[in-house]
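Given next are the chains, with one letter for each unit.
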Amino acid sequence: MKNKILVIGAGGQIGKELVEELCKIYGSDTIVASDIKADSTSPCTYEILDVMDAKAIAAIVKKHDINEVYLLAALLSATAEKFPEKGWQLNMVGLLNVLELMREKVISKLYWPSSIAAFGPNTPKVNTPQYTIMEPSTVYGISKQAGERWCEYYFRRYGADVRSLRYPGLISYKSPPGGGTTDYAVDIYHEALAKGRYECFLNSDTVLPMMYMPDALKATIGIMQADPDKVKIRSSYNLAAISFSPNEIAAEIKKHIPAFEITYKPDARQAIADSWPQSIDDSEARRDWGWKHEYTLDTMTSEMLLHLEKAKK
Ligand code: VAH
C-alpha cells in the first residue's frame, strides 16, 4: 500500500514548516519535499520540481510511490498583481496537473490551499460566511476562486478526495513571507526587534483575518486526517483564528517593547487589503471536522518575539 506524501512548494512560507511537521508525525522517510529550486537543508528526500510540468510531477509520484500530495506552489496576492499571466498560469495549471493525477487514480488524496483572497469588495466584511458573494478583484483571488470550483468539480465528477482551506494571513517566525499583502504582520516583528520601529504599508485601521502558523499547520494536517465523510465541503472551508489591524498588533508589541514606534505609508497593497474581509465565520469547519484555533494576538506576539529574539543570539 503506497503511503508516501509529496509536498509541492516545500520552499515557501507554509511549505518549509509543513514538511517539518509531516516528518515529525509520519517520519522523514515517508515525506518527499519539492520545489522549483534546490534546498540542501531539507529534512527529507528532496526533488527539484516545476509544478507546471505535468510529466515531471507524474515521474516523481511514480519514482517515490506517492499516495498523497500537498500542493502549496503559488504566486501570492502582491506578486501575482505584478505578474498576472504567470500568477494565473502557475496557480491554475499547477492545480489542474495534480487534479488530473487524482482523476487517473495515480494519487488518492490532495490538499490544496485557497485563501480569503477568494472573496472580494462586495463580500460582507464582518464574519464572512462560508457561502456568500465572491467577486475577487486580484489575480490571486480569481485563481483561488476558480481553483475551488475545479476542486469541487473533480470531487463530484471523478470522486477526487481533494481537501482545501481558505487561509487567512499566516504569521510565522521560521520562514519569511512570500509576497503577500499580509506580510506586514511578519515584517513588523522582525523590524521591532531590529530597529525598534516599522513603516507599515497598510493603513493603521486595516483589519484582516490572520493566523499563527502552528494553528495553520494543525488545520492543514487536521483536514487531511479527517474521515472523508466529515469533509462535507469540497470547494474550500472558511478558516479563522484572529483578526487585527496594524495599530492593534503594534499595541501588542509595545507591551513587550515600550519604545516601539510604527508609522504608516500605504502602498498598492492597501487596495488589495481593502477588497478582503475583516473577519471570517468558520463554523462549518468547527462543526464538520472539529477545527478550533489556539493562538490569540497576545500569545502569538509573545511567541514570535521570544523565538525571533532567540534566533538573533
Ligand atoms: C497573501 N498571505 O497575502 C497571502 C494570503 C490572505 C492572504 O493569501 O497573498
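Just so it is clear, the model here is predicted, and its values are computed rather than measured.

*Asks:* Can you break down the domain arrangement of the chain residue by residue, with the values?
*Replies:* Entries for the chain in the domain assignment read domain 1 (5-168 + 213-238) and domain 2 (170-210 + 241-312). In this structure, domain 1 and domain 2 have C-alpha centres spaced 23 Å apart. Contacts between the two partners involve 41 residues from domain 1 and, on the opposite side, 34 residues from domain 2. Summing both sides of the interface, domain 1 and domain 2 together bury roughly 3300 Å²; the carbon and sulfur share of this comes to 60%. If you sort the residues of domain 1 by the area they bury against domain 2, Gln13, Lys125 and Pro168 come out on top, with a joint share of 20%. Summed over the shared surface of domain 1 and domain 2, the number is one salt bridge. Between Lys174 and Glu20 there is a salt bridge, with the nearest N and O atoms lying 3.1 Å from each other. Inspection of the domain 1/domain 2 interface yields 21 residue pairs in polar contact (both at pLDDT 80 or more). At the level of secondary structure, the elements contributing two or more residues to the side of domain 1 that touches domain 2 comprise α1 (13-26), α3 (77-82), β8 (165-167), α7 (213-225) and β12 (237-238). Sorting elements by how many residues they give to the side of domain 1 that touches domain 2 places α7 first, with eight residues. Residue classes in the side of domain 1 that touches domain 2 are distributed as 20 nonpolar, 12 polar and nine charged.

*Asks:* Outline the site of the ligand, listing residues and values.
*Replies:* Every residue near the ligand is listed here: Leu76, Ser77, Ser115, Ile116, Tyr140, Tyr167, Pro168, Gly169, Gly180, Thr181, Thr182 and Trp276. Between Ser115 and the ligand, the recorded distance is 2.9 Å, taken from a side-chain N or O atom to an oxygen atom. A distance of 2.6 Å is found between an oxygen atom of the ligand and a backbone nitrogen or oxygen belonging to Thr181. Burial of the ligand by the protein chains amounts to 96% of its free accessible area of 270 Å². The pocket occupied by the ligand, as judged from atoms lying within 2 Å of grid points, is the largest pocket. Taken domain by domain, the shell around the ligand gets at least three of its residues from each of domain 1 (5-168 + 213-238) and domain 2 (170-210 + 241-312).

Parameters and conventions
- Residues numbered from 1 in each chain as written.
- Predicted model: local features only at pLDDT ≥ 70, side-chain atom pairs only at ≥ 80, totals over all residues.
- Heavy atoms only, no water.
- Domains from an automatic or database assignment.
- Contact = heavy atoms within 4.5 Å.
- Buried area = accessible area lost by both parts, 1.4 Å probe.
- Salt bridge = Lys/Arg side-chain N within 4 Å of Asp/Glu carboxyl O.
- Polar contact = N/O pair within 3.5 Å; in protein donor to acceptor, adjacent residues only side chain to side chain.
- Helix = DSSP H or I, 4+ residues; strand = E, 2+ residues; numbered from the N terminus.
- Nonpolar A, V, L, I, M, F, W, Y, C, P; charged D, E, K, R; others polar.
- Near = heavy atom within 4 Å.
- Areas by Shrake-Rupley, 256 points an atom, 1.4 Å probe, with all protein chains shown as cover.
- 1 Å grid on protein atoms, 1.4 Å probe; cavity = no way out; pocket = protein on both sides within 12 Å on 5 of 7 lines; lining within 4 Å.
- Sits in = over half its atoms within 2 Å of the grid points.

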